[in-house]
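# Chain and residue survey
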Amino acid sequence: MHFVYVVINVLLLAGIIVLVGRKAIAGIFRSRREKIDRELTEAETPLVLEPLPPAEAPVLPVEEEVGQIRAESEETLRGLETLFEGDSADQRREMLLQTRNAVVEKVLALTREHMSTEEYRASLAARHGEAVERILSRIHLTPGDMSYLARTGRLYVTLTSASPLAPELVDKVREKATDMVQAAGGEISFWVRENSELLGGLQLRIGDTIYDFSIADKLYRLGKTLKERPVTETDGDSMISGMRKAVQDMELGIDVFQVGRVISVSDGICWLDGLVDIMYGELVEFVNGQRGMVMDIQPDRVGCIIFGRYDHIDSYSRVRRLNIMASVPVGEAMLGRVVDALGNPIDGKGRIWTNERRPIEYNAPAIPDRMSVSVPLHTGIKAIDALVPIGRGQRELIIGDRQTGKSALVIDTILSQKGQGVICIYVAVGQKRASVAEFAARLEQRGAMEYTTIVSATASDSASLQYVAPFAGAAMSEYFMYKGRDVLIIYDDLSKHAVAYRELSLLLHRPSGREAYPGDIFYLHSRLLERAARLSPEAGGGSVTALPIIETQAGDISAYIPTNVISITDGQIFLEADLFNEGQRPAVNVGLSVSRVGGAAQTKLMKQVAASLRTSLAQYRELATFTQFGADLDNATKKVLASGARMMAALRQDRFAPLADWQQALLIFAVSEGFADKTQPEDMEVFAADLYRWFQAERPELVEQLSTGKKLDAAAQDKLRAALSEFAEAL
Ligand code: ATP
Ligand code: MG
């Protein structure tokens with residue numbers, strides 16, 4: 001009975017709540033829906049440029065032109081409406097970008113049209129006096145002007161306008177400029193010009209500096225701000241409102257910038273006149289939008305390298321200083337892609353969507369920000385993990401003659417980073433396009449492109465691009481390092497990089513030194529490799545491991561570039577042509593290879609099993625050279641030779657077959673403890689394969705223990721030995 005009352009009460013209560021609350025709930029939903037509707041309508045009409053608040057000089061499209069933009073943008077807008085239905089993120093962004101560019105073009109065309117009307121120009125001319133006042137309050141002599149004055153005793157000042165200026169304005173400018181130049185102890189050469197290319201307004205040039213109050217410059221600026229706005233996946237609305245704001249904010253202020261002139265262009269090098277106070281590594285822009293980077297500064301001229309084509313750049317054309325340093329796009333979106341030295345995709349997979357950039361030249365982490373290397377970077381190659389271990393944050397050189405398996409070594413290293421949380425960047429400098437394509441295909445095939453970026457400046461690219469590529473790769477790796485991630489970067493190879501730099505330096509008429517390389521080639525490579533580091537947790541906690549590759553001529557590691565890079569790195573892996581040809585692949589020369597980080601970068605287990613490997617192999621190599629003439633040998637020597645040969649065979653490894661840590665440790669333990677004594681060196685491969693298979697099937701607990709990488713205590717060693725004898729018997 002009691003239960004029935006409870007039920008009735010609950011039902012009554014529910015009924016009351018529904019009756020009273022329905023309205024409130026419906027209200028909430030209605031206001032939600034209205035809000036969404038409102039937002040949708042707003043989102044559908046974002047391209048409309050609102051009429052502007054009346055300014056003294058209207059600089060923006062007037063009402064009817066806004067209507068025109070609206071009509072013309074109808075189509076693109078319709079694209080926007082359906083934008084988020086079922087397309088992939090990349091498709092959406094591509095559409096956004098195209099819509100954006102189309103609209104920018106329209107806005108620019110309309111603005112230009114509007115600004116060229118007689119009416120507008122008249123209103124602009126009325127403001128010339130004000131503009132001149134403002135310009136004159138800002139003029140000053142730059143260090144460049146001073147040095148020019150000191151050299152020539154004369155400075156050129158030019159006042160340019162689209163239409164004739166009032167004589168008293170001209171006089172005012174002449175007077176002020178003359179005073180300024182004379183105060184600095186020089187003579188002035190004052191010119192007045194008319195130039196219809198300005199479209200309207202005026203421009204004062206003092207030495208290299210231009211104070212610009214012209215329509216042409218406004219349009220240039222507007223186009224730049226509009227087009228350089230990054231496009232992100234979801235920001236259709238904010239992008240458009242941002243564009244609208246950029247147009248609204250465009251006021252006809254005074255723009256100050258510096259310009260120089262092209263003296264000559266050849267072989268990808270351009271000499272400029274002017275801009276003497278520009279900085280090394282700064283970017284300049286040529287008239288066709290092509291960019292260059294300053295590489296050489298001399299008292300009377302500036303040398304820069306041109307990125308890309310230079311056949312459209314004429315002598316005497318104008319160059320604009322951009323006041324920014326060279327940079328490349330960076331970010332997660334770079335992974336899985338093949339890009340050129342400037343970060344542009346060349347793999348035909350479409351645009352790379354990233355908004356972040358980093359300068360290609362960046363200071364290496366300071367000493368307090370660094371930590372010693374202690375975490376292994378597992379390469380999956382026995383000869384390396386056991387003998388010359390590499391740690392995260394280390395710089396290890398890979399050096400050898402041509403065709404000794406240098407690139408094969410690093411591709412395997414990249415492959416074994418799968419699932420290790422290491423991001424890989426492979427910088428190909430001066431290689432054949434076909435080799436890079438093959439490299440990329442191999443990585444793709446084995447699912448390693450997911451965490452890899454390839455930066456490619458092939459032999460057919462200009463020397464400037466080859467020179468920049470490693471720095472671009474370094475910038476991409478730093479992005480991840482400062483975010484606390486581990487990165488592996490490979491420079492394949494730095495000898496070709498040195499050759500590209502030598503070419504540039506010779507073209508820039510720098511004095512050449514040893515082997516005709518410029519004197520700062522050491523600095524070039526050291527500042528590149530110093531950027532590899534392991535950061536302390538406070539500084540970001542990530543690491544960049546660098547594996548530069550150097551190609552030697554006939555095994556000569558004492559040539560100029562090899563010795564340089566050997567001294568910069570923390571060790572080298574020397575690949576020997578003779579070993580390679582004997583079939584000992586990877587052809588690591590144990591005697592000449594070192595890792596100065598050494599055991600600190602090995603797991604405890606590997607350190608334990610490989611402890612005496614180095615010395616015994618060195619002993620074997622020595623004995624082998626002595627005894628190769630077949631002298632009578634005592635039994636002890638024979639034994640050392642046999643076990644050495646077996647160990648060498650055990651260290652052989654095919655391409656694309658990186659091994660797990662436990663496999664390497666197990667094999668080395670088995671061979672050095674004599675469990676492979678009955679196996680001939682040429683059967684070692686089969687022995688190893690059987691060993692792994694047997695242990696995985698029969699002794700999974702031991703495999704598990706080995707996988708932890710912990711040191712084996714006496715009991716564990718005994719267990720392992722027992723298992724190995726069982727395996728040897730089963731063989
Ligand atoms: P280059 O000087 O042309 O850059 P490289 O030193 O980078 O040459 P690779 O291109 O890596 O050498 O290798 C040369 C050849 O040796 C390739 O055909 C490759 O397949 C073969 N090779 C390399 N390593 C091994 C290996 N461990 N086992 C079998 N073949 C190998
Ligand atoms: Mg190679």
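Since the structure is predicted, the reported quantities are computational estimates derived from the model, not experimental observations.

## Thoughts on the overall build of the protein
Counting secondary structure elements, the protein contains 24 helices and 20 strands. Within the protein, the proportion of its 731 residues that are buried is 50%. A sequence separation of at least 24 residues applies to 75% of the contacts in the protein between residues at least 6 apart. On the protein, roughly 34700 Å² of surface is accessible, and the fraction owed to carbon and sulfur atoms is 53%.

## Description of the site of ligand 1
Taken together, 13 residues lie around ligand 1, and Q403, K406, S407, A408 and R655 are the ones closest in. In this structure, Q403 approaches ligand 1 through a side-chain N or O atom, which is 2.9 Å from an oxygen atom. Taking A408, its main chain carries an N or O atom lying 2.7 Å from an oxygen atom of ligand 1. For ligand 1, whose unbound accessible area comes to 630 Å², protein coverage reaches 73%. Tallied by class, the residues present in the shell around ligand 1 amount to 3 nonpolar, 5 polar and 5 charged.

## Considerations on the packing of helix α22 (residues 684-698) against helix α23 (residues 700-707)
Look at α22 against α23: their axes get within 5 Å of each other, and the N-to-C directions meet at 110°. Relative to α23, α22 is oriented roughly perpendicular. Between α22 and α23, the residues in contact are F695, Q696, A697 and E698 and P700, L702 and V703, respectively. Classifying every residue of the contact of α22 with α23 gives 5 nonpolar, 1 polar and 1 charged.

## Focus: the confidence of the model for the protein
Looking at the protein, pLDDT values average 86 and 88% of them are 70 or higher. A low-confidence stretch, residues 43-64 (pLDDT under 50), is modelled with 47 contacts involving residues beyond four sequence positions or located in other chains.

## A closer look at the packing of helix α20 (residues 635-651) against helix α21 (residues 661-672)
Packing of α20 against α21 leaves a shortest axis separation of 10 Å and a crossing angle of 170°. Between α20 and α21, the interaxial angle falls into the category roughly antiparallel. Where α20 abuts α21, its residues R646, M647 and A650 lie against L667, I668, V671 and S672. Residues of the contact of α20 with α21, tallied by class, amount to 5 nonpolar, 1 polar and 1 charged.

## Details of the pairing of strand β1 (residues 154-161)
For a regular strand, side-chain orientation follows a simple rule: the groups alternate between the two sheet faces. Among the 8 residues that make up β1, 6 are buried, leaving the element largely enclosed by the rest of the structure. Bridging between β1 and strand β2 (residues 187-194) involves 8 bridges; their strand directions are parallel. Across the sheet, S161 pairs through a bridge with E194, a residue of β2. As a crossover connection, the stretch from β1 through helix α7 (residues 167-183) into β2 is right-handed.

## A short note on unusual backbone geometry
Note that the residue after D492, namely D493, is joined by a cis bond; omega there is -5°. Here D493 shows up in the loop between β17 (486-492) and α14 (494-507). The linkage connecting R585 with the following residue, P586, adopts the cis geometry, with an omega of -5°. Looking at where P586 falls in the secondary structure, it is placed in the loop between α17 (577-582) and β20 (594-595). The backbone of H509 sits at a positive phi, close to 60°, despite the residue not being glycine. Within the secondary structure, H509 is located in the loop between α14 and α15 (521-529). You will see that E515, though not glycine, has its phi angle at about 50°, which is positive. Relative to the helices and strands, E515 resides in the loop between α14 and α15.

## What to know about the packing of aromatic side chains
Under the counting rule described, the total for this entry stands at 10 aromatic pairs. With a centroid separation of 6.1 Å and 75° between ring planes, the pair formed by Y362 and Y482 is classed as edge-to-face. Here Y362 is found in the loop between β13 (356-359) and α10 (382-387), whereas its partner Y482 is found in the loop between α13 (463-481) and β17, with 120 residues between them in sequence. With a relative accessible area of 37%, Y362 lands in the partly exposed category. When its relative accessible area of 28% is taken as the criterion, Y482 is described as partly exposed. Ring plane angle 70° and centroid distance 5.3 Å describe the contact between W694 and F695, whose orientation is recorded as edge-to-face. The rings of F687, W694, F695 and F727 are connected pair by pair, giving a single aromatic cluster. In this structure, R446 is placed above the aromatic ring of F656, and the distance from its NZ or CZ to the ring centre is 4.4 Å.

## A few points about the side chain of Q394
Tracing the backbone shows Q394 in the loop between α10 and β14 (397-400). From its side chain, Q394 meets the backbone nitrogen of G391 in a polar contact 2.7 Å long. The residues touching Q394, leaving out its near neighbours within four places in the chain, are V373, P389, V544, T545, A546, D570, S595, R596 and V597.

## Things to note about the pairing of β17
Burial of β17 is extensive: 7 of the 7 residues sit out of reach of the surface. Alternating positions in β17 separate into two faces, D486, L488, I490 and D492 on one and V487, I489 and Y491 on the other, with burial throughout. In this structure, strand β15 (residues 422-429) lies alongside β17, joined through 7 bridges in parallel fashion. Each bridged residue has a counterpart across the sheet, and for V422 the counterpart in β17 is D486.

## Details of helix α6 (residues 143-152)
Listed as buried for α6 are G144, D145 and L149. Buried residues of α6, seen end-on, are gathered within an arc of 135° and therefore sit on one face of the element. Every exposed residue of α6 that faces more than 90 degrees away from the buried side is listed here: P143 and A150. Just downstream of α6, G153 is the residue with a positive phi angle, here 75°.

## So, the nonpolar core
Judged by nonpolar contacts, the single largest core of 63 residues is most densely connected at M293, I305, Y467 and Y491. Among the elements that line this core, the one with the most residues is α13, at 13 residues. When neighbours within four sequence positions are excluded, Y491 is seen to be in contact with V427, P470, A474, L528, L529, A546, L547, P548 and I549. In this structure, Y620, M647, W662 and F669 belong to the second largest nonpolar core, which totals 46 residues.

## A word on the sheet that holds β20
As summarised here, the arrangement of the 8 strands in space is β12-β16-β15-β17-β18-β14-β19-β20, forming an open sheet in which the pairing is mixed. Each of the sheet's edge strands pairs with one partner strand only, and the pair in question is β12 (338-339) and β20. Sheet analysis places β14 next to strand β18 (residues 543-551), joined by 3 bridges and oriented parallel. If you follow I399 over to β18, its bridge partner there is I550. Here α13 sits on the sheet and contacts β12, β15, β16 (452-457), β17 and β18; the angle it forms with β15, its principal contact strand, is near 175°.

## Here's the deal with a nonpolar patch on the surface
Residues F3, V4, V7, I8, L11 and L12 make up a contiguous nonpolar surface patch of about 590 Å² in total accessible area. Inspection of the secondary structure puts F3 in helix α1 (residues 2-44).

## Points about helix α8 (residues 215-228)
Spanning 14 residues, α8 covers 20 Å between terminal C-alpha atoms, matching the ideal 20 Å at 1.5 Å per step. Along α8, the residues classified as buried are I215, D217, K218, L219, L222, G223 and L226. N-cap assignment for α8: the residue whose side-chain oxygen lies 3.3 Å from the backbone N of D217 is S214.

Rules of the game
- Residues numbered from 1 in each chain as written.
- Chains lettered and ligands numbered in written order.
- Predicted model: local features only at pLDDT ≥ 70, side-chain atom pairs only at ≥ 80, totals over all residues.
- Heavy atoms only, no water.
- Helix = DSSP H or I, 4+ residues; strand = E, 2+ residues; numbered from the N terminus.
- Buried < 20%, exposed > 50% of the residue type's maximum accessible area, 1.4 Å probe, protein only.
- Contact = heavy atoms within 4.5 Å.
- Areas by Shrake-Rupley, 256 points an atom, 1.4 Å probe, with all protein chains shown as cover.
- Near = heavy atom within 4 Å.
- Polar contact = N/O pair within 3.5 Å; in protein donor to acceptor, adjacent residues only side chain to side chain.
- Nonpolar A, V, L, I, M, F, W, Y, C, P; charged D, E, K, R; others polar.
- Axes fitted to C-alpha atoms, helices over the stretch in contact; angles between N-to-C directions.
- Parallel < 35°, antiparallel > 145°, perpendicular 65-115°, else oblique.
- pLDDT = per-residue confidence, 0-100.
- Pairing = 2+ DSSP bridges.
- Right-handed = clockwise from strand over helix to strand, strands pointing away.
- Phe/Tyr/Trp six-rings, centres within 6.5 Å; stacked < 30°, edge-to-face > 60°.
- Lys NZ or Arg CZ within 6 Å of the ring centre and 35° of its normal.
- Arc of directions from axis to C-beta.
- Core = buried A, V, L, I, M, F, W, Y, C linked by side-chain atoms within 4.5 Å.
- Patch = residues over 30% accessible without salt bridge, like charges linked within 9 Å, V, L, I, M, F, W, Y side chains within 5 Å.
- Salt bridge = Lys/Arg side-chain N within 4 Å of Asp/Glu carboxyl O.
- Expected span 1.5 Å × (residues − 1).

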